[in-house]
Amino acid sequence: MKYDFDLFVIGGGSGGVRASRMASQAGAKVAIAEEYGFGGTCVIRGCIPKKLFVYASHYREDFEDSAGFGWTVPKAAFDWNVLVANKNKEVARLEEIYKENVGKAGVEIILDRAEFLDPHTVHLKKSGRKITAERFLVATGGRPSRDTGGAPGAEHCITSNEAFYLEKFPRRVVIAGGGYIAVEFAHIFHGLGADVTLLYRGPKILRGFDEDMRDAVTHSSEKRGIRIVTNRVFKRIDKRGGEVFAFTDHGEMLEADEVMLAIGRVPNTDGMGLEKIGVELGRRGRVNVDEYSRTSLAHIHAIGDVTDRLALTPVAIHEAMAFVQTVFENKPTPVDHVNVPTAVFTQPEVGTVGMTEAGALALGHSVDVYKSSFRPLRNTLSGRDERAIFKLIVDSKSDRVLGCHLCAPDAAEIVQIVAVAIKMGATKANFDATVALHPSLAEELVTMRSKSYSREA
């Protein structure tokens, strides 16, 4: 062979693992290099441990709500160290499964850091070994940003990486950011018993989501006792003993046990040698790719968070499959980032798929908006004064459902199947013709018959 491998994958996260397995099964000789652990951000320090923490944070309200259903629960006590230990066991189990599945597919596993020497050669940092390959796939993901905009003291802060492994539960937490991670961790820490302040540089959290969902999460957060401070940035962060002090540009001093930075993520391309060999990088070091995930060098592809397109685990897996189909199965398959469902695991959750109201109007659609606010059945006996919000965005001319946005318990579970309907081009008439499943939250999607309002593009 001219090269050691047909394909060399750098990065053992969800995208890299799927691509290596599928390419090997398609007949390619494949190796994969991972310097930390298999499973990537999602399994080790992202989706999975975060959702386990989300579950843990729900129990305080569940215990409270149970009284209305006749349960008497002794005073509950929470043990942070037990949660972290059990989470670590599950993460270790999943990481081993990921590695085993790669090995079973016939892929050579290399536990080392790979850096490019030339367009067809990488150097393994620990072993010093040099490996050549006909093709490369960069799937190194991203990492939390510590860019505080010049404010000194970032070294005194934690990120989501460290939040999963804290030795002691912080009773006072200040979180900087207004996206998924910031808002979710605000609810996690608050649900587990911490006093939480969320500081965001913009006027409203969850930029990019439908305005009604942004308002609903803001209201829910503040009603629970999470303090949201907007239009603020840090001027500096100090640490004195076991306390951290965050000073804002409005002259405020916020005292905390931990200050968490959730201000975005940065593609992991530093020191890989990509620019040296001619791979074009973009903003914050992302790998620029075309619709087939090809870089500026045709034999080098990149998928997942390192491309800074749509940073979601299932998207990375989809991009991996499209890459394998294009390169190894002779089925050119562009990646499809349209109508991807997503969720924010707050209390209650946000589930969304398709266009926002503002997004539909910006693309030239005149829309009919169907919106409903109601009290979930569970909240009647529990006495919890919290409402669910359902919203459908419908094209006025074609009757096609362009977007679905929910703020409700189990919104993520509901919106996953709604995504199938929207992907298939379902119309509002199709929703209306569907018999409701009663009693359920989701039945509201097929019983909203009266338009709330219409808007012209």
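Structure first, text after, so check above.
An account of the accompanying structure is given in this report.

Rules behind the numbers
For every chain, the first residue of the written sequence is number 1, and numbering continues from 1 onward in sequence order. This being a predicted model, a pLDDT of at least 70 is required before a residue's local features are given, and a value of 80 or more before pairs of side-chain atoms are given or counted; all residues contribute to the totals for chains, interfaces and linings. Excluded from the side-chain calculation are hydrogens and water; included are all heavy atoms of the structure. Here a strand is any run of E in DSSP of at least two residues, a helix any run of H or I of at least four, and the numbering for each starts at the N terminus. Given the number of residues in a helix, its expected span is that number minus one, multiplied by 1.5 Å. Residues adjacent in sequence count toward polar contacts only when both atoms are side-chain atoms; beyond that, a polar contact is any pair of N or O atoms within 3.5 Å, and within protein one must be able to donate a hydrogen and the other to accept it. Partly exposed residues are those whose accessible area sits between 20% and 50% of the maximum for their type, while under 20% is buried and over 50% is exposed, using a 1.4 Å probe and protein chains only. At least two DSSP bridges between two strands are needed for those strands to be called paired. For crossovers, right-handed means that the path from the first strand over the helix to the second runs clockwise, given strands pointing away from the viewer. Lines fitted to C-alpha atoms define the axes here, with helix axes fitted over just the stretch in contact, and angles between the N-to-C directions of these axes take values from 0 to 180 degrees. Here a crossing is called left-handed whenever its near helix is offset anticlockwise from the far helix by less than a right angle, and right-handed whenever the offset is clockwise. The criterion used for residue contact is that any of the two residues' heavy atoms lie within 4.5 Å. Amino acids are sorted into nonpolar (Ala, Val, Leu, Ile, Met, Phe, Trp, Tyr, Cys and Pro), charged (Asp, Glu, Lys and Arg) and polar (every other residue, Gly among them). A 1.4 Å probe that fits but cannot get out identifies a cavity on a 1 Å grid over protein atoms alone, an open set with protein on both sides within 12 Å along at least five of seven lines counts as a pocket, and a residue lines either if it has an atom within 4 Å of a point. Grid points are joined across faces, edges and corners, and a volume is the space filled by probe spheres set on the points. A pairing counts as a salt bridge when a side-chain nitrogen of Lys or Arg comes within 4 Å of a carboxyl oxygen of Asp or Glu. In this scheme, roughly parallel covers angles under 35 degrees and roughly antiparallel covers those over 145, while 65 to 115 is roughly perpendicular and the rest are oblique. Put simply, buried Ala, Val, Leu, Ile, Met, Phe, Trp, Tyr and Cys residues joined by side-chain atoms within 4.5 Å make one nonpolar core.

1. Details of helix H7 (residues 211–224)
Link 1 in the chain: An ideal rise of 1.5 Å per residue puts 20 Å on 14 residues; H7 measures up with 20 Å between its terminal C-alpha atoms.
Link 2 in the chain: A distance of 3.1 Å separates the backbone nitrogen of Asp212 from a side-chain oxygen at the start of H7, and that oxygen is part of Asp210.

2. Comments concerning the pairing of strand S2 (residues 30–33)
Link 1 in the chain: Of the two faces of S2, the one holding Val30 and Ile32 and the one holding Ala31 and Ala33 are both buried throughout.
Link 2 in the chain: In this structure, strand S1 (residues 5–10) lies alongside S2, joined through 4 bridges in parallel fashion. By the bridge assignment for S2, Phe8 is matched with Ala31.
Link 3 in the chain: Handedness of the β-α-β unit built from S1, helix H1 (residues 14–25) and S2 comes out right-handed.
Link 4 in the chain: Pairing geometry for S2 and strand S3 (residues 108–110), over 3 bridges, is parallel. Bridge assignment links Ile32 to a residue of S3, and that residue is Ile109.

3. Description of the packing of helix H3 (residues 47–66) against helix H4 (residues 80–104)
Link 1 in the chain: The interhelical angle for the contact between H3 and H4, taken along N-to-C directions, is 145 degrees, at an axis separation of 10 Å. For H3 against H4, the interelement crossing comes out right-handed. Contact with H3, carried on its side by Ile48, Pro49, Leu52, Phe53 and Ala56, involves Trp80, Leu83, Val84, Lys87, Glu90, Val91 and Leu94 of H4 and no other residues of that element.
Link 2 in the chain: A breakdown of the residues in the contact of H3 with H4 according to their chemical character gives 10 nonpolar, no polar and 2 charged.

4. Focus on the environment of Gly354
Link 1 in the chain: Note on placement: Gly354 falls in strand S18 (residues 349–354).
Link 2 in the chain: Linking Gly354 and Val401, residues 47 residues apart in sequence, is a C-alpha distance of 8.6 Å.
Link 3 in the chain: Setting aside chain neighbours within four positions, we find Gly354 in contact with Asn339, Leu402, Gly403 and His405.

5. Here's the deal with unusual backbone geometry
Link 1 in the chain: Residue Pro348 is reached from Gln347 by a cis peptide bond, and omega for that bond is -5 degrees.
Link 2 in the chain: Among the secondary structure elements, Pro348 is positioned in the loop between strand S17 (342–344) and S18.
Link 3 in the chain: The omega torsion of the bond from His438 to Pro439 falls at -5 degrees, within 30 degrees of zero and hence cis.
Link 4 in the chain: Looking at the element boundaries, Pro439 is found in the loop between helix H12 (428–432) and strand S22 (453–455).
Link 5 in the chain: Despite not being glycine, Asp308 has its phi angle at roughly 55 degrees, a positive value.
Link 6 in the chain: Its place among the elements puts Asp308 in the loop between strand S16 (300–302) and helix H8 (313–328).

6. Considering the sheet that holds strand S20 (residues 388–395)
Strand pairing in a sheet relies on backbone hydrogen bonds. The paired strands run either parallel or antiparallel.
Link 1 in the chain: Pairing is antiparallel across the open sheet formed by 6 strands, whose spatial order is S17-S18-S21-S20-S19-S22. Looking at the sheet topology across the chains shown, the edges are occupied by S17 and S22. Going across the sheet, the axis of each strand differs from the next one's by a mean of 15 degrees, ignoring polarity.
Link 2 in the chain: As judged from the 8 bridges shared by strand S19 (residues 367–374) and S20, these two strands associate in the antiparallel manner. By the bridge assignment for S20, Tyr370 is matched with Leu392.
Link 3 in the chain: Contacts between H7 and the sheet are confined to S18, S19, S20, strand S21 (401–408) and S22, with S21 contributing the most and set at about 5 degrees to the helix.

7. Examining the layout of surface pockets
Link 1 in the chain: In this structure, the second largest pocket occupies an estimated 680 Å³ of space.
Link 2 in the chain: Contributing to the lining of the second largest pocket are 29 residues, with Arg378, Asn379, Pro409, Asp410 and Leu441 lying nearest its centre.
Link 3 in the chain: Taken together, the residues that form the lining of the second largest pocket break down as 9 nonpolar, 6 polar and 14 charged.

8. Structural notes on the pattern of salt bridges
Side chains bearing opposite charge may pair, as long as their charged atoms lie close to each other.
Link 1 in the chain: Under the defined criterion, the tally for this structure stands at 36 salt bridges.
Link 2 in the chain: A salt bridge links Glu115 to Arg113; its shortest N-O distance comes to 2.7 Å.
Link 3 in the chain: Among the residues examined, Glu115 registers a relative accessible area of 18% and is labelled buried.
Link 4 in the chain: Bridged by salt links that share partners, the residues Glu61, Glu64, Asp65, Arg224, Arg384 and Glu386 form one connected network.

9. Side note on the side chain of Thr333
Link 1 in the chain: Its place among the elements puts Thr333 in the loop between H8 and S17.
Link 2 in the chain: Reaching out from Thr333, the side chain makes a polar contact with the side chain of Gln325 at a distance of 3.2 Å.
Link 3 in the chain: Among the polar contacts made by the side chain of Thr333, one reaches the main-chain carbonyl oxygen of Lys331 at a distance of 2.7 Å.
Link 4 in the chain: Ignoring anything within four residues of it in the chain, the contact list for Thr333 reads Tyr292, Ala322, Gln325 and Thr326.

10. With respect to the pairing of strand S11 (residues 234–240)
Link 1 in the chain: Here S11 pairs with strand S12 (residues 243–248) via 6 bridges, running antiparallel. Each residue of the ladder has a partner; that of Asp238, found in S12, is Phe245.
Link 2 in the chain: Counted along the chain from S11 to the antiparallel partner S12, the turn is 2 residues long, and its residue Gly241 has a positive phi close to 65 degrees.

11. A word on the packing of H3 against helix H6 (residues 180–191)
Link 1 in the chain: The contact between H3 and H6 brings their axes to 8 Å, and the two run at 45 degrees. Taken together, the axes of H3 and H6 lie oblique to each other. Helix-helix and strand crossings are classified by hand; for H3 and H6 the assignment is left-handed. The residues of H6 that touch H3, namely those facing Lys50, Phe53, Val54, Ser57 and Arg60, are Glu184, His187, Ile188, His190 and Gly191.
Link 2 in the chain: For the contact of H3 with H6, the class distribution of residues is 3 nonpolar, 4 polar and 3 charged.

12. Remarks on the nonpolar core
Link 1 in the chain: Ranked by size, the top nonpolar core spans 41 residues in total, and within it Trp80, Ile175, Phe185, Phe189, Leu198 and Ile205 carry the most contacts.
Link 2 in the chain: Elements represented by at least two residues in this core include exactly H3, H4, strand S8 (172–176), H6, strand S9 (195–199), H7 and S17.
Link 3 in the chain: Sort the elements by how many residues they give to this core and H6 lands first, with 6 residues.

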